[in-house]
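Summary of structural features
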Amino acid sequence: MSMTGVGGKQEEMEMRAKQDLDYGQDITPPILPLSSSLYDSFLSSHCSSCFSPLPPTFPHIPRHVPLYCSPTCSSSHSPLHSSSAESLLPPTCPDSSDLRTALRLLQSLPSTPPQLHRIDGLLTNHHMLTSSSPEVAAKIRQGAIAMAVARKSRNRDNEGQSDGFLLEEAVLSLVITNAVEVQDKSGRSLGIAVYDLSFSWINHSCSPNACYRFSISSPHARLSFREDSSSTLRIVPSVSGEECDACSCVEHTKGNKGYELGPKIIVRSIKRIRKGEEVCVSYTDLLQPKEISTCNLSFSSSSFDHNLYRDEASKRVYSYMDETIAEVLSDGDPESCCEKLESILNLGLRIEQVESKDGKSLLTFKLHPFHHLALNAYTTLTSAYRICSSDLLALHPDVDECQLKAFDMNRTSAAYSLLLAGATHRLFCSEASLIASAANFWTNAGESLVTLARSSLWNLFVKWGFPISEVSTIAKHKCSKCSLMDIFDTKSILSQAQRVNFENISSDFLDCVSNMTAKIWRFLVRGCHYLEVFEDPFDFGWLVHTWDFHARANRNDEDSKFITEGSIYKHQAQWYTNERRIHVYEVGIHCLLYGGILAHICYGQNSQLSTHVLSILYNVESVVH
């Protein structure tokens, strides 16, 4: 972040480490917001003060009327709501969270700030935003007028706006510049918040060394769960590389009046940071590339102008993928969704013939396996196959053929989750800021594999005379090749993650899980044309030479028949052996343990993901004991 100092010189505002920091350290205490607001769509389902979810018994309320989870939240927040004049905003405003946040921030200011380019140490970017484009300037102006009218209606004796709404424009620009989306534990965006300069001065980087998380809990939950507020501020403000005392007047654990119970933000290291090194976070999703590689396009005519139709092809593929993925999130047919997604992953999307100087040419667009749309498709396919399996078992619980098909759908779901974890890990190895995504995908893969290994559908092969062990016997197998299984005792997993060198854990894990996965990968992908292309879910060296999916994916057409032809299920049953079941279980446990360690480094011991991993492992241990 930069600001203009004396003489028009640009000054760089930043936060630097005031001591050496290791992996997975909280580098700020929980910081309360200066101002925050729920999105309009969550006003009737969440507390307007602390952002915690409300019971589903609250009645429908008019727009802009806040609801609170407790008398404590009401007494803390409702005076600010009344005095800020936000209830007087015109009903024609679109989502008004930015205007409400700006009004609350404006109301909390002790007096009119002497400078409008920086308020409470935060850059407003007012001049830059209002001069960037006529459209942006008009939106800021309209919002400022709505704010000023609401404030004047509240204070009937309010004097005319001699400054031409400049104060409202500046505060609204500050919100646009500094606000971050507040997310719950599932990653859902609930609203926005502005925090003091101990967070807002942390700059963006595409290769950050820190991340941030939110602490959202009701006053009642805080009484029953002791929040760790012992952490101190381990970063200091700096202007153009020189430390300053800008934070001396900021009480970092206290927001403005009315925000004693707001959504807190905590910054945490995800790399080793040396004393004096700048601390940076990412403001964007690093798994979302900004453009599509030219190698993703193939044409039937060598003279075809690739650049001319690249944008059109990209738009159509984005639209098609979004519509297909949306089907599984609605009441659509998940099996149809699987077919459509795998078709475009296998064959690409053919764009209608277009005219060129040589006549008509057919444009085919194919996604690279690491393109973010492909990663999104893997996530959707993991869920869609699981839903298909559940639906099939619900309709035909006693039909052997349907049970086997359902089992194979679960197997394919687990394969996609493991591929997604492997692809994300490949990116994580070169960019540590992807640790949050890696933690989630490794955990999901582990859960899918452990669930597959413990599935009662293995009993079908027992009925056919195959020697398949009980789940309790499977769970007793331990790995002797890496340190991860040494911390299988779930009570020590998190403390062990703090004691052991993370690089060694990561290297040992990948070596061990790669060796074990080689024994089950062909079993997991068998019958799925797209997945059969991948020789290994962790080693993608073959992609350097070729990724002609259409040619490679059809090499095992005969093998894929077992998915659709029930008469040969028994012939293929040699794939479903006790040894494979053990290996599936072992890979799953390794993935869960590694995901848990990453979650602890990224989020801390009490995060939802860390707790979820522990609950799964406790459940597995209870089967053993």
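Up top is the structure.
Residues numbered from 1 in each chain as written. Predicted model: local features only at pLDDT ≥ 70, side-chain atom pairs only at ≥ 80, totals over all residues. Heavy atoms only, no water.

1. Details of the overall build of the chain
The number of helices and strands found in the chain is 21 helices and 16 strands. Sorting the 625 residues of the chain into buried and exposed places 53% on the buried side. Residue pairs at least 24 apart in sequence account for 77% of intrachain contacts in the chain once pairs closer than 6 positions are excluded. Surface summary for the chain: the accessible area is close to 28,600 Å², and the carbon and sulfur share equals 51%. (Helix = DSSP H or I, 4+ residues; strand = E, 2+ residues; numbered from the N terminus. Buried < 20%, exposed > 50% of the residue type's maximum accessible area, 1.4 Å probe, protein only. Contact = heavy atoms within 4.5 Å. Areas by Shrake-Rupley, 256 points an atom, 1.4 Å probe, with all protein chains shown as cover.)

2. Thoughts on the nonpolar core
Counting residues in each nonpolar core, the largest one holds 85 residues, and the members touching the most others are Tyr378, Leu418, Phe428, Trp442, Leu524 and Leu598. Considering every element that reaches this core, the biggest residue donor is helix 20 (residues 578-603), with 13 residues. When neighbours within four sequence positions are excluded, Leu524 is seen to be in contact with Arg411, Thr412, Ala415, Leu418, Leu449 and Leu452. If you look at the next biggest cluster of nonpolar residues, it comprises 55 residues, including Ile31, Ile119, Leu167 and Leu174. (Core = buried A, V, L, I, M, F, W, Y, C linked by side-chain atoms within 4.5 Å.)

3. A short note on the pattern of salt bridges
The tally for this structure, following the rule as stated, stands at 10 salt bridges. The closest approach of N and O atoms between Asp26 and Arg268, which form a salt bridge, is 2.6 Å. Taken together, the residues Asp26 in the loop between strand 2 (10-17) and strand 3 (35-38) and Arg268 in strand 12 (residues 264-269) connect sequence positions 242 residues apart. Judged by its relative accessible area of 13%, Asp26 is buried. A relative accessible area of 5% means that Arg268 is categorised as buried. Linking Lys405 and Glu335 is a salt bridge whose minimum nitrogen-to-oxygen distance equals 4.0 Å. You can see Lys405 sitting in helix 11 (residues 400-430) and its partner Glu335 sitting in helix 9 (residues 334-347), a full 70 residues away along the chain. Classification of Glu335 by relative accessible area gives partly exposed; the value is 36%. Through salt bridges with shared partners, one network takes in Asp26, Arg213 and Arg268. (Salt bridge = Lys/Arg side-chain N within 4 Å of Asp/Glu carboxyl O.)

4. Let's talk about the pairing of strand 12
Within strand 12, six of the six residues are buried, which leaves the element mostly enclosed by the surrounding structure. Residues Lys264, Ile266 and Arg268 line one face of strand 12 and the alternating positions Ile265, Val267 and Ser269 line the opposite face, and both faces are buried. Of the pairings in the sheet, the one linking strand 9 (residues 210-215) to strand 12 comprises six bridges and is antiparallel in character. By the bridge assignment, Ala210 is partnered in strand 12 with Ser269. (Pairing = 2+ DSSP bridges.)

5. Points about helix 5 (residues 166-178)
The terminal C-alpha atoms of helix 5, which comprises 13 residues, lie 18 Å apart, in line with the 18 Å expected from a rise of 1.5 Å per residue. In terms of burial, helix 5 is largely enclosed, as 10 of its 13 residues are buried. Within helix 5 the residues assigned to the buried category are Leu167, Glu168, Glu169, Ala170, Val171, Leu172, Ser173, Leu174, Val175 and Asn178. (Expected span 1.5 Å × (residues − 1).)

6. Regarding the packing of aromatic side chains
For the coordinates displayed, the defined rule picks out 11 aromatic pairs. Seen in terms of ring centroids, Tyr212 and Phe214 are 5.8 Å apart; in terms of plane orientation they differ by 85°. Their pairing is edge-to-face. The class for Tyr212 is partly exposed, based on a relative accessible area of 24%. Residue classification places Phe214 among the buried positions, given a relative accessible area of 15%. Among the aromatic residues, those joined into a cluster by ring pairs are Tyr378, Tyr385, Tyr416, Tyr530 and Phe534. (Phe/Tyr/Trp six-rings, centres within 6.5 Å; stacked < 30°, edge-to-face > 60°.)

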